[in-house]
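# Residue-level structural notes
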Amino acid sequence: MIDREPPVTEEELHAYVDGELAADRRAAVERWLASHAEDAARVAAWRAQADAIRARYGAAADEPVPARFDLDRLARQGRKWSRYAAAAAVIALLIGGAAGWFGRGAWEGAGPVRAVTTEAFDAHRLYIAEVRHPIEVRAGENHLNPWLSRRIGYQVASPNLDPLGLKLLGGRLLPGNSGRAAALYMYEGASGERFTIYCRRDQAPQTALRYRV
Amino acid sequence: MSGFRQGIQATIPALRRYARALTRDAEAADDLVQDTLVRALRSEHLFHGGDIRSWLYTILTNLNRNRLRSLARRPVISPIEDNDVPDASGSEGGARDIARALASLVEDQRVALLLVVLEGLSYREVAEVQGVPIGTVMSRLARARAQIKAYLDGERPPLRRVK
């Protein structure tokens, strides 16, 4: 007997397993599997994989939804965040040894910002220990802010922290982890404790929302 | 509650399931779900109708890719596909093996497979989530299944583990 049916392709086998196969090919695939043991074994293995995945993770959807996912609360949080996002074309963190660091609660839970805090901490730890060369450009030199602004691509200025008893030592340029330049300002308190402000431009807009219908 | 919010609310259990399988880490998974919800709520104006489930899967998938990138940026002495936090549940052998097998996949293949077999999306919907043609989804699926089969059959990929 000459088989007039076109041979079953691997794509059709997957489509068969996933319920995506055109109805008029289903019978043909089933006939094929009845006479091709190797393909039948593969199909059985794929089904077993799917069963194992569902058995392992399916129950996660039956767990009660925790309170942290309350949408009203998250929406309020979201609005707070979007205010930050508007203001945070530059992300700046003030880190100080004794005082801990500002804004910890506010920054937690956001991936890209967490990356910046890591960079800021690394820079802080590395340079506060420098006794003779903590900075590249001294505070007195008036090109400090224009230079750093140009290099990080955003207008920045070292804030005056005299009221807090902190004297600006100067600043330096750093390679941010993302390949963007970052500016580091260093301040010193009366008893030699050092504080740094780390600034760099925000990442390019996230692609997470790209969606086509 | 608006229809938009209701749609999101109804999808949370499925997002948790998907994220759990994607990360194999319950805590990281819930962080991912929370980030997804915040992002979605903030972006209502960007949602132009269509299937809200697919839209949420898209956001979660992209956020996870960012997460993996930031993990990969840190110096770790292991291949990238092994960067994921290992499954800590220590459950019975078979279930643990499927988690390890998933961990051995390339991310795009893992996404395609999970969206189809765990979340029940159609090939067309997965193509939209991943932003690729249907043919690409099918080849990802095929490679994922071949890799898992090889893994479970004992052809383990050469994972370098640091004791």
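What you see is a predicted model, and the numbers here were worked out from it, not measured in a lab. (Residues numbered from 1 in each chain as written. Chains lettered and ligands numbered in written order. Predicted model: local features only at pLDDT ≥ 70, side-chain atom pairs only at ≥ 80, totals over all residues.)

## Examining the overall build of chain B
Here is the rule we go by: For the purposes of this entry, the term helix denotes a DSSP run of H or I that reaches at least four residues, the term strand denotes a run of E that reaches at least two, and both are numbered from the N terminus. Here the C-beta atoms are placed from the backbone, and a residue counts as buried if at least 20 other C-beta atoms lie within 10 Å of its own, exposed if 12 or fewer do, and partly exposed otherwise. Each residue is represented by a C-beta atom placed from its backbone, and any two residues with such atoms within 7 Å are regarded as in contact.
Within chain B, the secondary structure is distributed over seven helices and zero strands. Along chain B, helices (α) and strands (β) appear in the sequence α-α-α-α-α-α-α when read from the amino end. In chain B, which comprises 163 residues, the proportion classed as buried is 39%. Long-range pairs, those at least 24 residues apart, make up 64% of the contacts in chain B between residues at least 6 apart in sequence.

## Brief notes about the overall build of chain A
A tally of regular secondary structure across chain A gives seven helices and six strands. From first element to last, N terminus to C terminus, chain A shows the α and β order α-α-α-α-β-β-α-α-β-α-β-β-β. In chain A, which comprises 213 residues, the share counted as buried stands at 23%. Considering only residue pairs separated by 6 or more positions, chain A has 57% of its internal contacts joining residues 24 or more positions apart.

## Overview of the packing of helix H1 (residues 10-17) of chain A against helix H2 (residues 23-35) of chain A
The geometry of a pair of packed helices is captured by two quantities: the angle between their axes and the separation between those axes. Residues and elements named next belong to chain A. Where we set the bar: Convention adopted: a line fitted to C-alpha atoms gives each axis, helices being fitted over their contacting stretch, and angles between N-to-C directions are expressed from 0 to 180 degrees. Any angle from 65 to 115 degrees is called roughly perpendicular, while one under 35 is roughly parallel, one over 145 is roughly antiparallel, and all others are oblique.
With their axes 10 Å apart at the nearest point, H1 and H2 run at an angle of 105° to one another. Classified by the angle their axes make, H1 and H2 are roughly perpendicular. On H2, the residues touching Glu12, Leu13 and Tyr16 of H1 are Arg25, Arg26 and Val29.

## Considering the interface of chain A and chain B
Put simply, the test is: Residues were grouped as follows: Ala, Val, Leu, Ile, Met, Phe, Trp, Tyr, Cys and Pro as nonpolar; Asp, Glu, Lys and Arg as charged; and all remaining residues, including Gly, as polar.
Listed as interface residues are 38 residues of chain A and, on the opposing side, 47 residues of chain B. Of all elements in the fold, only H1, helix H3 (37-57), helix H4 (71-87) and helix H6 (111-128) of chain A reach the threshold of two or more residues within the side of chain A that touches chain B. When residues of the side of chain A that touches chain B are assigned to their parent elements, the largest contribution, 10 residues, is made by H3 of chain A. Residues belonging to the side of chain A that touches chain B are distributed by class as follows: 20 nonpolar, 10 polar and eight charged.

## Section: the nonpolar core
Definition in use: By convention the nonpolar core is taken to be a set of buried residues drawn from Ala, Val, Leu, Ile, Met, Phe, Trp, Tyr and Cys and joined through C-beta atoms within 7 Å.
Counting 46 residues, the largest nonpolar core has Tyr18, Leu60, Ala112, Leu114 and Leu115 of chain B as its most contacted members. Setting aside residues up to four positions removed in sequence, leucine 115 of chain B forms contacts with Tyr57, Leu121, Val126 and Val129 of chain B. Core analysis: the next-biggest nonpolar cluster, separate from the first, contains 22 residues, Ala115, Leu168, Tyr187 and Phe195 of chain A among them.

## A word on unusual backbone geometry
Residue and element names in this part refer to chain B. Positive phi values are uncommon outside glycine, yet arginine 24 reaches one of about 55°. Mapped onto the elements, arginine 24 comes out in the loop between helix H1 (3-23) and helix H2 (26-42). Arginine 24 sits in the buried class, given 24 other C-beta atoms within 10 Å.

## A short note on H2 of chain B
Here is the rule: One less than the number of residues in a helix, times 1.5 Å, gives the span that helix is expected to have.
Over its 17 residues, H2 of chain B extends 24 Å from the first C-alpha to the last, a length consistent with the 24 Å expected when each residue adds 1.5 Å. Residues of H2 of chain B that are buried include every one of Ala29, Leu32, Val33, Asp35, Thr36, Leu37, Val38, Arg39, Ala40 and Leu41 of chain B, and no others.

## Description of the confidence of the model for chain B
Residues and elements named next belong to chain B. Keep this limit in mind: For every residue, the predictor assigns a confidence score, pLDDT, that lies between 0 and 100.
Averaged over all residues, the pLDDT of chain B equals 84, while 79% of them reach at least 70. Element-level mean pLDDT values for chain B span from 77 in helix H4 (residues 93-103) up to 98 in helix H5 (residues 107-117). Under a pLDDT of 50 for its full length, residues 76-95 has, in the predicted model, 31 contacts with residues more than four places off or in other chains. As a predicted assembly, this complex carries a pTM of 0.61 together with an ipTM value of 0.83.

## Observations regarding the environment of alanine 61 of chain A
Within the secondary structure, alanine 61 of chain A sits in the loop between H3 and H4. Here alanine 61 of chain A falls in the partly exposed class, since 17 other C-beta atoms lie within 10 Å of it. With sequence-adjacent residues up to four places away left out, alanine 61 of chain A is seen in contact with Pro13, Ala14, Arg16 and Arg17 of chain B.

## So, the pairing of strand E4 (residues 167-175) of chain A
Residues and elements named next belong to chain A. Under the convention used in this document: Pairing between two strands is assigned when DSSP locates at least 2 bridges connecting them.
As judged from the two bridges shared by strand E3 (residues 137-138) and E4, these two strands associate in the antiparallel manner. In the strand pairing of E4, arginine 138 is matched with glycine 170. Note: E4 against strand E5 (residues 181-188), eight bridges, orientation antiparallel. Bridge pairing in E5 links arginine 172 to leucine 184.

## Concerning the environment of glutamate 141 of chain A
All names here are of chain A. Within the secondary structure, glutamate 141 is located in the loop between E3 and helix H7 (144-152). For glutamate 141, a count of 12 C-beta atoms within 10 Å gives the class exposed. In this structure the C-alpha to C-alpha distance between glutamate 141 and glycine 170, which are 29 residues apart in sequence, comes to 8.5 Å.

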